[in-house]
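Letter by letter, the chains look like this.
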Amino acid sequence: MRLIPAIDIIDGKCVRLSKGDYDTKKIYNENPLEVAKSFEAHGIQYLHLVDLDGAKSSRIVNYKILEQIASKTSLKIDFGGGLKSDSDLKIAFESGANQITGGSIAIKQPEVFKNWIQQYGADKIILGADAMNEKVAISGWLEESKEEVIPFIQNYQKEGIQYVICTDISKDGMLEGPSFELYQKILDSDLSNRAESRLKLIASGGISTFDELPKLAELGCEGIIIGKAIYEGRITLKQLENYIINK
């Protein structure tokens, strides 16, 4: 299971929210590159970078920070937040993103998102399936759609999607544990019966202790995004480094 620390950006600063509420913003570091370098120094290879300004304004905003981190570290970055057009996607990849995550676009403009899968390949495009009460939430979690999360994922599996990030919004930033039951349901509903195209589910939201990581690995999660637990010192970078070395 891949360990993927998160950096969320507002006004160029590293922040965390609770349940996606922008009014709960807490600034942890004014230099996202510094944070990224500390991850890299502990053997971490992946980064989940979210442009929260972009998510709110429906266009890529903080691509310069993406470019800075991509050019000054070796981290493989998945980038999301506000990617709504072909030009947004082009900017993200040219700025150094290894993968991009699309959530709202997959609901609001499915043909555009399907075209991205065809154009860039399933290894470059991640489906963002963020849920509240098992319904997909969009627009920086400011809107709840009528789409149920499991059929939503299954529909995109039919289009070739393999990577899915699922955040249970009720858990996000609350440090009360992840949504084990939801992830089990999603993995049980995997449409693929071939090992090479199995759903690569990346769990996100609510991680509070190191002990939760092996449990998510046992469920079959391909990756785990860890945010506030790192910034609040609930999980140390040394623990993550040891996990990577020993797995």
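Before reading on, note that the structure itself is shown above.
About the thresholds
- Throughout this document, residue positions are counted from 1 along each chain, in the order its sequence is written.
- Residue-level local features of this predicted model are given only where pLDDT is at least 70; pairs of side-chain atoms are given and counted only at 80 or more, and the full residue set underlies all totals for whole chains, interfaces and linings.
- Working from all heavy atoms in the structure, the side-chain values ignore hydrogens and water.
- For every residue, the accessible area (1.4 Å probe, protein chains only) is compared with the maximum for its type, and the residue is labelled buried under 20%, exposed over 50%, or partly exposed between those bounds.
- Secondary structure elements follow DSSP: runs of H or I of four or more residues count as helices, runs of E of two or more count as strands, with numbering from the N terminus.
- Arc, as used here, means the arc of the directions from the helix axis to the C-beta atoms.
- Being paired, for any two strands, means DSSP has found at least two bridges between them.
- We count a salt bridge whenever a side-chain nitrogen from Lys or Arg sits within 4 Å of a carboxyl oxygen from Asp or Glu.
- Axes here mean lines fitted to C-alpha atoms, for a helix over just the part in contact, with angles spanning 0 to 180 degrees between N-to-C directions.
- Note on angle classes: values under 35 degrees are labelled roughly parallel, values over 145 roughly antiparallel, values of 65 to 115 roughly perpendicular, and the remainder oblique.
- Here a crossing is taken to be left-handed if its near helix is turned anticlockwise relative to the far helix by less than a right angle, and right-handed if that turn runs clockwise.
- The contact definition used throughout considers only heavy atoms, calling two residues in contact when any of these lie within 4.5 Å.
- Throughout this entry, Asp, Glu, Lys and Arg are counted as charged residues, while Ala, Val, Leu, Ile, Met, Phe, Trp, Tyr, Cys and Pro are counted as nonpolar. The remaining residues, Gly among them, count as polar.

Draft legend 1. View of helix α7 (residues 149-157). Listing the buried residues of α7 in full gives Val-149, Ile-150, Phe-152, Ile-153, Tyr-156 and Gln-157. The buried residues of α7 occupy one face: seen down the axis, they fall within an arc of 160°.

Draft legend 2. Representation of the pairing of strand β3 (residues 21-29) within the structure. As paired elements, strand β2 (residues 13-18) and β3 share 4 bridges and run antiparallel to each other. Across the sheet, residue Arg-16 finds its bridge partner in β3, namely Lys-26. Between β2 and β3, which follow one another and run antiparallel, lie 2 residues, and Lys-19 among them has a positive phi close to 55°.

Draft legend 3. Broad picture of the pattern of salt bridges. Summed over all chains, the structure comprises 11 salt bridges. Residue Asp-8 is joined to Arg-16 by a salt bridge in which the shortest nitrogen-to-oxygen separation is 3.0 Å. Looking at Asp-8, the relative accessible area reads 10%, which means it is buried. You can call Arg-16 buried: its relative accessible area is 8%. Between Lys-114 and Glu-159 there is a salt bridge, with its nearest N and O atoms 3.9 Å apart. Linking Lys-114 in helix α6 (residues 110-120) with Glu-159 in the loop between α7 and β11 (163-167), this pair joins segments that are 45 residues apart in sequence. Using a relative accessible area of 31% as the deciding quantity, one classes Glu-159 as partly exposed.

Draft legend 4. Region of interest: the packing of helix α4 (residues 86-94) against α6. Here α4 crosses α6 at 40°, and the two axes come no closer than 11 Å. It follows from the interaxial angle that α4 and α6 lie oblique. The interaxial crossing formed by α4 with α6 has right-handed handedness. Residue-level contacts link Asp-86, Leu-89, Lys-90 and Phe-93 of α4 to Val-112, Trp-116 and Tyr-120 of α6. For the contact of α4 with α6, the residue count by class is 5 nonpolar, no polar and 2 charged.

By themselves, these are just geometric observations and shouldn't be taken as functional.
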